[in-house]
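One letter stands for each residue in the lines below.
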Amino acid sequence: MTEKDKVTPWNVSETALNYDKLIMEFGCKKIDDNLIERIEKVTGKPAHHLIRRGLVFAHRDLDQILDRFEKNEPFYLYTGRGPSTKSLHIGHVIPFLLSKYLQDMFDVPLVIQITDDEKFLFKNLDIESTKNFAIENVKDIIAFGFNPEKTFIFSNIDVFDKPKNGDTGLNNFFQRELMLSKEISFNEGSKIFGFDLNSNLGQITFPVRQILPCYFNTFNFLKKCICLVPAALDQDPYFRLARDKSKYFGCDKPACIYSGFLPSLRNLGKMSNSASHTIFLDDSLEEVATKIHKYAFSGGKDTLAEHREFGGDTDKDTAFQYLRYFLEDDTELKTIEMAYRSGKMTSKEMKQRCVEEIQAFIEEFKKRRASINQEIIDGFFSCNKRFY
Ligand code: TYM
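Residues numbered from 1 in each chain as written. Predicted model: local features only at pLDDT ≥ 70, side-chain atom pairs only at ≥ 80, totals over all residues. Heavy atoms only, no water.

## Section: the overall build of the protein
When helices and strands are tallied, the protein shows 18 helices and nine strands. The C-alpha radius of gyration computed for the protein amounts to 21 Å, which stays within 12% of the reference 21 Å derived for 388 residues, consistent with globular compactness. Considering only C-alpha atoms, the protein reaches an extent of 70 × 50 × 45 Å along its principal axes. Restricting to contacts in the protein with at least 6 residues of sequence separation, those with at least 24 account for 79%. As displayed, the protein has an accessible area near 17600 Å², and 50% of this comes from carbon and sulfur atoms. (Helix = DSSP H or I, 4+ residues; strand = E, 2+ residues; numbered from the N terminus. Rg over C-alpha atoms; globule rule 2.2 N^0.38 Å. Contact = heavy atoms within 4.5 Å. Areas by Shrake-Rupley, 256 points an atom, 1.4 Å probe, with all protein chains shown as cover.)

What follows is the structure, given as structure tokens:
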């Protein structure tokens, strides 16, 4: 694999987005029809559309989580966000929608780590900006509707800066960080994360802090239980390493469930903060419409006459791809797909339908976000929780 083709938590090149290849390289498993059937059997409900449509498609030991759940053995969820911009973009939404679904279905605790330290170390950002982004991003995250009784949010910088009531919710975090960092050689870390002689010292030890929450005993409010991490596939390097080191902390290997990447509007790799014309959750409805109409890559033919005759390519059409993520109604999605492929529906109409769906999502989201006050935020950061 060349450097260009590499997927690390900080670099997802467009040439590397061959998911089957990545699953093989990372050593994850595909979520197949049998596993989807089991999820439906255990939860008694149809699987989430992201899972049904193969948009959440890879896992590690998800079958074990289901086995244990059936035996009434508890688990907890762990996910996170690195605040590098004021607002989340619509790609970040995917793992949080997945986490919300999992928390609702299994009624389990969720811990959310805000890696403001990571974004300070890896991006050209000062501490104050990352901390301010963290505050804004936390409001975005709470607006997904997580259960306040069962969700604990913490920020890495904040934990070390100002422990609340002397209790951070974390169990000797610094001591455990020392222990884990001693277990991982620079050689091992570099192979996984691509560090080199130009990496700063903070970057080299950062992964230890993203790994620790995979172990129940990192938190003083969890009893012995296994962790399930919902994320996009780029985060797997952390959790591969977390699995290798779990014995050291007397824990089970964390299980994982991964989505792919919502593509950028131009269909050049994943949607990211650095991609042009990123759609953010704080965009105005007009901005959303303009970005999609102007920049969404079209799978349509060059002329209307050709399009009517030969039909469009839904695999290449970004507006259709976004609908696969955001439009829940399977029947409508199928109708749209057929209409576009047969040439009955034009690219302009496809984009308009996509605009409506993303606008509706963002509008709902903004309403929920507007109702979040400091008391609600403090509740999510509070450590007075005893989940298991
Ligand atoms: P961050 O802030 O880069 O991204 C947050 C989550 O969003 C996923 N993601 C995407 N998913 C779908 N489509 C996209 N275009 C897209 N872009 C990003 C990321 O994979 C991630 O799940 N280091 C992490 C923060 C973190 C974390 C965790 C994430 C700390 N602990 C545990 C997952 C699980 C980060 O900077 O994520």
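Having seen it, we continue.
## Brief notes about the site of the ligand
Around the ligand lies a shell of 25 residues, among which Arg81, Gly82, Glu118, Gln210 and Asp234 are the nearest. The contact in question runs from an oxygen atom of the ligand to an N or O atom on the side chain of Arg81, over 2.7 Å. For the ligand, the protein covers 98% of the area, taking 690 Å² as the surface of the free molecule. Of all the secondary-structure elements, those providing two or more residues to the shell around the ligand are strand E5 (75–81), helix H6 (116–122) and strand E8 (226–232). The dominant element in the shell around the ligand, judged by the number of residues it contributes, is E5, at four residues. Partitioned by chemical class, the residues of the shell around the ligand number nine nonpolar, 11 polar and five charged. (Near = heavy atom within 4 Å. Polar contact = N/O pair within 3.5 Å; in protein donor to acceptor, adjacent residues only side chain to side chain. Nonpolar A, V, L, I, M, F, W, Y, C, P; charged D, E, K, R; others polar.)

## Comments concerning the side chain of Gln359
Among the structural elements, Gln359 can be located in helix H17 (residues 347–370). Ignoring anything within four residues of it in the chain, the contact list for Gln359 reads Leu285, Glu286, Val288 and Ala289.

## Details of helix H10 (residues 186–193)
Every buried residue belonging to H10 is among Gly189, Ser190, Ile192 and Phe193, and all of these are buried. Viewed end-on, H10 has its buried residues packed into an arc of 170°, placing them on one side of the element. Once H10 finishes, Gly194 follows within two positions and takes phi at roughly 75°, a positive value. (Buried < 20%, exposed > 50% of the residue type's maximum accessible area, 1.4 Å probe, protein only. Arc of directions from axis to C-beta.)

## Digging into the packing of aromatic side chains
Working definition: an aromatic ring pair is given by the centre-to-centre distance plus the angle between the planes. Enumeration according to the criterion identifies 24 aromatic pairs in this entry. On the basis of an interplanar angle of 35° and a centroid distance of 6.4 Å, the ring pair of Phe144 and Phe146 is categorised as tilted. Each member of the pair Phe144 and Phe146 is classed as buried. Measuring from centroid to centroid gives 6.1 Å for Phe206 and Tyr238, while their planes differ by 90°, and the two rings are edge-to-face. Here Tyr238 lies in helix H12 (residues 236–245) and Phe206 lies in helix H11 (residues 201–211), a separation of 32 residues in the sequence. (Phe/Tyr/Trp six-rings, centres within 6.5 Å; stacked < 30°, edge-to-face > 60°.)

## Focus on the packing of helix H9 (residues 173–183) against H11
The contact between H9 and H11 brings their axes to 10 Å, and the two run at 120°. When the interaxial angle is binned, H9 and H11 end up oblique. Note that H9 runs across H11; the crossing there is right-handed. Counted together, Phe173, Glu177, Leu180 and Ser181 of H9 and Val208, Arg209 and Ile211 of H11 form the full contact between these two elements. (Axes fitted to C-alpha atoms, helices over the stretch in contact; angles between N-to-C directions. Parallel < 35°, antiparallel > 145°, perpendicular 65-115°, else oblique. Left-handed = near helix turned anticlockwise from the far one by under 90°.)

## With respect to the pattern of salt bridges
Note that side chains of opposite charge can pair when their charged atoms are close. For the structure shown, the criterion picks out 29 salt bridges. Linking Asp107 and Lys150 is a salt bridge whose minimum nitrogen-to-oxygen distance equals 3.2 Å. In this pair, Asp107 sits in the loop between helix H5 (93–106) and strand E6 (110–114) while Lys150 sits in the loop between helix H7 (127–142) and strand E7 (151–155), placing the two residues 43 residues apart along the sequence. Taking relative accessible area as the criterion, Lys150 reaches 23% and is therefore assigned partly exposed. Notably, a salt bridge pairs Asp313 with Lys316, separated by 3.9 Å at the nearest N-O pair. (Salt bridge = Lys/Arg side-chain N within 4 Å of Asp/Glu carboxyl O.)

## Here's the deal with the packing of helix H15 (residues 318–326) against helix H16 (residues 330–342)
For any two helices packed against each other, the geometry is given by the interaxial angle and the distance between the axes. As a packed pair, H15 and H16 sit with axes 10 Å apart at the nearest point and diverge in direction by 165°. Taken together, the axes of H15 and H16 lie roughly antiparallel to each other. Between H15 and H16 lies a crossing of left-handed hand. Contacts from Phe320, Leu323 and Arg324 in H15 reach Leu333, Ile336 and Glu337 in H16.

## Notes on the nonpolar core
Counting residues in each nonpolar core, the largest one holds 73 residues, and the members touching the most others are Ile51, Ile90, Ile279 and Ile358. Of the residues forming this core, the biggest block, eight residues, is contributed by H5. When neighbours within four sequence positions are excluded, Ile51 is seen to be in contact with Ile31, Ile36, Ile39, Val56, Leu98, Tyr101 and Ile257. Core analysis: the second largest hydrophobic core is formed by 49 residues, Phe57, Phe152, Phe193 and Ile211 among them. (Core = buried A, V, L, I, M, F, W, Y, C linked by side-chain atoms within 4.5 Å.)

## Things to note about the side chain of Asp283
Inspection of the secondary structure assignment puts Asp283 in the loop between strand E9 (255–259) and helix H13 (285–295). On the basis of relative accessible area, Asp283 is assigned to the buried category, the value being 5%. Polar contacts involving the side chain of Asp283 include one to the main-chain amide nitrogen of Phe280, which spans 3.0 Å. Separated by 2.7 Å, the side chains of Asp283 and Lys291 make a polar contact. Once residues lying within four places of it in the same chain are set aside, the contact partners of Asp283 are Thr278, Val288, Lys291, Ile362 and Lys366.

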